[in-house]
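# Descriptive structure summary
Next come the chains, spelled out residue by residue.
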Amino acid sequence: MSIRRFSAPLLLALCMAQPGAAQEREPLGAEEFEARVVGRTLTYHSRGAPYGMERYGPDRQVTWSFLDGRCLDGTWYPEADAICFAYEDGTGPECWRFFDENGRLSAEFVNDPEVPQLYEMQDSETPLSCQPQVGV
């Protein structure tokens, strides 16, 4: 048997065994996520339409808005390979895996894989504009 006969399959096996040959994308860890978002207001879209905005403050504080003028304050924390959010309305936690997509964030909802992925559309230092809650 000639070595040529085995060269293609052997080469393929060696490439697959090499680190980095066929990597799956890794979610951002808590430290990397925090370094990227603190002091920023990110606007997310899903399926090409605006979805919401989140302001990331110090000490893992967040403010979320569905772009309707109402805002929810909360906190985020790491859990396994996800970033989870707990808001003042008591819903949640809502856990997402964040990824770097060519310098912008994308997020997959861990709680329900059917929820469409979110993509960072805009990055700003401007705080959210929240309407005061009347009544309740």
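All of the points below concern the structure found in this document.

The rules behind each value
Residues numbered from 1 in each chain as written. Predicted model: local features only at pLDDT ≥ 70, side-chain atom pairs only at ≥ 80, totals over all residues. Heavy atoms only, no water. Salt bridge = Lys/Arg side-chain N within 4 Å of Asp/Glu carboxyl O. Helix = DSSP H or I, 4+ residues; strand = E, 2+ residues; numbered from the N terminus. Buried < 20%, exposed > 50% of the residue type's maximum accessible area, 1.4 Å probe, protein only. Disulfide = S-S within 2.5 Å.

This model, assessed by the stated rule, comprises nine salt bridges. Between E108 and R25 there is a salt bridge, with the nearest N and O atoms lying 2.5 Å from each other. Residue E108 is found in strand β7 (residues 104-109), and its partner R25 is found in the loop between α1 (3-17) and α2 (30-37); the two are separated by 83 residues along the sequence. E108 gets classed as partly exposed once you look at its relative accessible area, which sits at 27%. Residue R25 is classed as partly exposed on the basis of its relative accessible area of 37%.

Bringing the state of the cysteines into the picture now. Counted under the stated rule, the structure contains two disulfides. Each sulfur of the disulfide joining C71 and C130 lies 1.9 Å from the other. With the S-S dihedral at roughly -90 degrees, the linkage between C71 and C130 falls on the left-handed side. Linking C71 in the loop between β3 (61-65) and β4 (72-79) with C130 in the segment after β8 (118-124), this pair joins segments that are 59 residues apart in sequence. Its relative accessible area of 14% is what places C71 among the buried residues. Across the disulfide, C84 is cross-linked to C95 (sulfur-sulfur distance 2.0 Å).

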